[in-house]
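An overview of the molecular structure
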Amino acid sequence: MENQDPDVVEAVKASGESTLEKATAKAKEKIDQLLNVSLNVAVTGKTGSGKSSFINALRGVSEDDDGAAPTGVTETTMKATMYEHPTMPNVKIWDLPGIGSPNFKADKYLKEVKLDTYDFFIILNSERFMQNDVMLAKEIRKQKKNFYFVRSKIDNDIRAEEKKKGFDEQKVLSIIREDCQKNLTELGDPKVFLITSFDLDKYDFEILQNTLEEELPDHKRYALLQAWPVCSTASLEKKIKMFKGMIWAASLASAGIAVIPVPGLSAACDAGMVLAFLTRCYYAFGLDDGSLSRLSEKVNKPLLEHLAKSKFASAIREKTMARLQVSAALATLATVEYAASLLPGGGSVAAAGISFGTTYYLLKEGLNELANIAREIRKEAELDILCIN
Ligand SMILES: Nc1nc2c(ncn2[C@@H]2O[C@H](COP(=O)(O)OP(=O)(O)OP(=O)(O)O)[C@@H](O)[C@H]2O)c(=O)[nH]1
Ligand SMILES: [Mg+2]
C-alpha cells in the first residue's frame, strides 16, 4: 500500500481487505451495523411470571420510571407491547401476552403476536416449565428461531431456603434447575437460566448473555452488546473489546467525509462520528446518569462524581465535542498530514475533509478514558466482591 501511516495500514489490515477503497467500503458497512442494526427480543411466558419486571430490568428502568412496563397487574390483552431500549431505540423488547390458559394454542398465539418480528424468544416462568411452554418452544423451533428458558424470581426461592439449616446456595440452584428441566426433555434438554430481575449481577444472567451472544449473528451481536446491561466485570470488558475492535471502521468510514469544524479543535475531525461512537460507549458502559444513580443506590455509595474526571464523559453529557481541549495533543500528530497523502495528488486536509488521523486518535483516547472510568466505578462499587457473597 502506498500510504505509510501506521494507523491507516493497521485499519486496512483490520478490515481484512486488500485495498484502502475496499477497506473503506467495509468500514462503512460495519459502522452502519454498529449504529443502526435492529434487535427485537420477545419475552413471553405465563401470566405473573415476571415478564414486565424482566423487561424493565433489561432496559435498565425502574418500575416507576416513565415508560416502564407496568408490573404486578394482570394483562388480558392478546397484543404484544413494544418497549424501546432507552438508549438504543433500534433495540426493542416485546412484552408478549401471557400463555397461561388451558386451551392455549401455540401456533395461533405465534400468528397473533407476529413471530417473524423477533430475533429470539425468552420464555419466562417463575415455577417449573409446563406443557404450554414446551408447545410454544416447539412452534418457535419450527420457524427456525431460537428460544431461551428463563426461570425468574430466584431471589424468592433463595430467601425461603436460606433460613433452613445447612443451606447451600449452589445446591438449591441445581435442584431448581433440575426441576425446571424435567418437563423439557422432549426438546432435547435445553438450558434453563436462573435469574432475578431485581439483581442482574446474580445467578445465570451473565451466562444467558454469553449464550445469546454466541448464538446471534455478528451484526445482531453488536446490538446486544451495546444494549445489554453491564452485569459483571467480564461483561464490561466484552463491551470495551467490541468497541475497540470497531475503531478502525469508525475512522476509515470517516475518512473522506465532509469535516464539521469544531471550535477548540485545531485539527480536522469527524465530530459527528466521534460523538455518535463515544455516546454509544458511554451508554453501553452504564455511565449515563440513570444507570449511575441506580448503581449508587444499590451499593449505597456516591458514584456520579467519577464522571467529572473525564473530559470525554463531560463532552458527551453536553452533546458537544467542543469541550475537548485536546488540540495540543493533536498538534503533535503527524497523521493529519499522512491523511492528506491519501488523496489523489495530495491536497489540503481541510479542503478534502479527510479526518482519519484525528478521528482515530479521539476515538482511541475517548474509548480508553470511558472504559477506565467504567472500570473504576465498578471497583469503587465493589460489585464483584458483592457478587461472591
Ligand atoms: N421476588 C421477585 N419478584 C418478582 C421478580 N420478577 C417479578 N416479580 C414480581 O412478580 C409480580 C408479577 O410480575 P410482572 O413483571 O408484572 O409479571 P408479568 O409476567 O408481566 O405479569 P402479566 O403481565 O400479568 O402477565 C410482581 O409483583 C413483581 O414485582 C423477581 O425476579 N423476583
Ligand atoms: Mg406484564
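Description of the structure in this document.

Cut-offs applied
- Throughout, residues of each chain are indexed from 1 in the direction in which the sequence is written.
- Chain letters and ligand numbers both follow the written order, the letters beginning at A and the numbers at 1.
- Under the rules for a predicted model, residues below a pLDDT of 70 receive no local features and side-chain atom pairs below 80 are neither given nor counted, while totals for whole chains, interfaces and linings still include all residues.
- Side-chain calculation: all heavy atoms of the structure are included, whereas hydrogens and water are not.
- The distinction between a cavity and a pocket rests on a 1 Å grid over the protein atoms alone: a 1.4 Å probe fits inside a cavity but cannot get out, while a pocket stays open yet meets protein on both sides within 12 Å along at least five of seven lines, and a residue with an atom within 4 Å of a point counts as lining.
- Grid points are joined across faces, edges and corners, and a volume is the space filled by probe spheres set on the points.
- Only DSSP runs of H or I with at least four residues qualify as helices, and only runs of E with at least two residues qualify as strands; both kinds are numbered from the N terminus onward.
- Nonpolar residues are Ala, Val, Leu, Ile, Met, Phe, Trp, Tyr, Cys and Pro. Charged residues are Asp, Glu, Lys and Arg, and all others, Gly as well, are polar.
- A helix's residues, less one, multiplied by 1.5 Å, set its expected span.
- Relative accessibility under 20% of the residue-type maximum defines a buried residue, over 50% an exposed one, and the middle range a partly exposed one, all with a 1.4 Å probe and only protein chains included.
- It is the directions from the helix axis to the C-beta atoms that the arc portrays.
- The contact criterion used is simple: two residues touch if any of their non-hydrogen atoms lie within 4.5 Å.
- By this definition, two strands are paired if DSSP reports at least two bridges between them.
- Angles shown run from 0 to 180 degrees and are taken between the N-to-C directions of axes, each axis being a line fitted to C-alpha atoms and, for helices, limited to the stretch in contact.
- Under the pairing criterion, centres of Phe, Tyr and Trp rings, with the six-membered ring standing for Trp, must be within 6.5 Å; the plane angle then separates stacked pairs below 30 degrees from edge-to-face pairs above 60, leaving the rest tilted.
- As used in this structure description, the phrase polar contact means that two N or O atoms lie within 3.5 Å; if the pair is within protein, one of them must be able to donate a hydrogen and the other to accept it, and residues adjacent in sequence are counted only when both atoms belong to side chains.
- Within the patch definition used here, like charges are joined within 9 Å and nonpolar side chains (Val, Leu, Ile, Met, Phe, Trp, Tyr) within 5 Å, considering only residues with over 30% relative accessible area and no salt bridge.
- Per-residue and other accessible areas follow the Shrake-Rupley method at a 1.4 Å probe size, with only the shown protein chains counted as cover for residues.
- A side-chain nitrogen of Lys or Arg and a carboxyl oxygen of Asp or Glu constitute a salt bridge if their distance falls within 4 Å.
- We score Asp and Glu as negative and Lys and Arg as positive, and we do not count His or the chain ends.
- Think of each charge as sitting on NZ of Lys, CZ of Arg, CG of Asp or CD of Glu.

**What about empty space enclosed by the protein?**
- Scanning the model with the defined rule gives 1 cavity of 30 Å³ or more in all.
- Approximately 60 Å³ is the volume attributed to the largest cavity.
- Lining the largest cavity, in full, are Leu39, Val41, Leu58, His85, Val91, Ile93, Leu224, Ala227, Trp228 and Pro229.
- When contributions to the lining of the largest cavity are tallied by element, the ones reaching two or more residues are strand E1 (39-45), strand E3 (91-95) and helix H9 (218-227).
- Its residues placed into classes, the lining of the largest cavity shows 9 nonpolar, 1 polar and no charged.

**What to know about the layout of surface pockets**
- The calculated volume of the largest pocket comes to roughly 1,000 Å³.
- The wall of the largest pocket is formed by 43 residues, among which Ala57, Gly60, Pro229, Ser291 and Arg294 lie closest to the centre.
- Secondary structure elements with two or more residues in the lining of the largest pocket: helix H3 (51-59), H9, helix H10 (233-244), helix H12 (271-284), helix H13 (289-299) and helix H18 (356-381).
- Top contributing element to the lining of the largest pocket by residue count: H13, with 7 residues.
- Grouping the constituent residues of the lining of the largest pocket by class yields 21 nonpolar, 11 polar and 11 charged.

**Regarding helix H7 (residues 169-181)**
- The terminal C-alpha atoms of H7 lie 18 Å apart, and with 13 residues this matches the ideal 18 Å at 1.5 Å per residue to within 8%.
- Where H7 is concerned, the buried positions are Val172, Leu173, Ile176 and Cys180. With its buried residues spanning 100 degrees around the axis, H7 presents them on a single face. Of the exposed residues in H7, the ones pointing more than 90 degrees away from its buried face are Gln170, Lys171, Ile175 and Glu178.
- Summarising the contacts, the buried residues of H7 are in contact with strand E5 (146-151), helix H6 (154-161) and strand E6 (192-194).

**Here's the deal with the pairing of E3**
- The element E3 is extensively covered by neighbouring structure, given that 4 of its 5 residues are classed as buried.
- One ladder, built from 4 bridges, connects strand E2 (residues 81-84) with E3; its direction is antiparallel. In the sheet register, Met82 faces E3, and the bridge partner there is Trp94.
- Here E2 hands over to E3 after 6 residues, the two strands then running antiparallel side by side.

**Points about the sheet that holds E6**
- Across the sheet, 6 strands lie side by side as E2-E3-E1-E4-E5-E6; this open sheet has mixed pairing. Since the sheet does not close on itself, it has two edges, and those belong to E2 and E6, each with one partner. For this sheet, the mean inter-axis angle between neighbouring strands, taken without regard to orientation, is 30 degrees.
- Here strand E4 (residues 120-125) pairs with E5 via 6 bridges, running parallel. Bridging across to E5, Phe120 finds its partner in Asn146.

**Considering the packing of aromatic side chains**
- One pass over the structure, following the stated rule, counts 9 aromatic pairs.
- Pairing Phe205 with Trp228 gives two aromatic rings, centres 5.6 Å apart and planes at 5 degrees, and the pair type is stacked. Within this pair, whereas Phe205 is found in helix H8 (residues 205-215), its partner Trp228 is found in the loop between H9 and H10, the two being separated by 23 residues in sequence. An identical accessibility class is assigned to Phe205 and Trp228; each is buried.
- Cluster of aromatic residues (ring-pair linked, three or more members): Trp94, Tyr118 and Phe121.

**Concerning H6**
- Within H6 the residues assigned to the buried category are Ile154, Asp155 and Ile158. Down the axis of H6, the buried set is contained in an arc of 100 degrees. They therefore lie on one face.
- Against E5, H7 and E6 lie the buried residues of H6.

**Section: the environment of Ser52**
- Note on placement: Ser52 falls in helix H3.
- Measuring from C-alpha to C-alpha, the distance between Ser52 and Ser197 comes to 9.6 Å, with 145 residues separating the pair along the chain.
- Side-chain polar atoms of Ser52 contact the side chain of Asp95, separated by 2.8 Å.

**Brief notes about a negative patch on the surface**
- On the surface, Glu63, Asp64, Asp65 and Asp66 cluster together to form a negatively charged patch.
- Mapped onto the elements of the fold, Asp64 is located in the loop between H3 and E2.

**Quick word on the pattern of salt bridges**
- In this structure the tally under the stated criterion is 21 salt bridges.
- Across the pair Lys142 and Glu139 runs a salt bridge whose closest N-O atoms are separated by 3.5 Å. With Lys142 and Glu139 both in helix H5 (residues 131-142) and 3 residues apart, the pair spans about one turn of that helix.
- A relative accessible area of 58% means that Lys142 is categorised as exposed.
- You can call Glu139 buried: its relative accessible area is 14%.
- The salt bridge partner of Lys182 is Asp179, with a shortest N-O separation of 3.9 Å.
- On the basis of relative accessible area, Lys182 is assigned to the exposed category, the value being 53%.
- Residues joined by salt bridges that share partners form a network here, namely Asp199, Asp201, Lys298 and Arg378.

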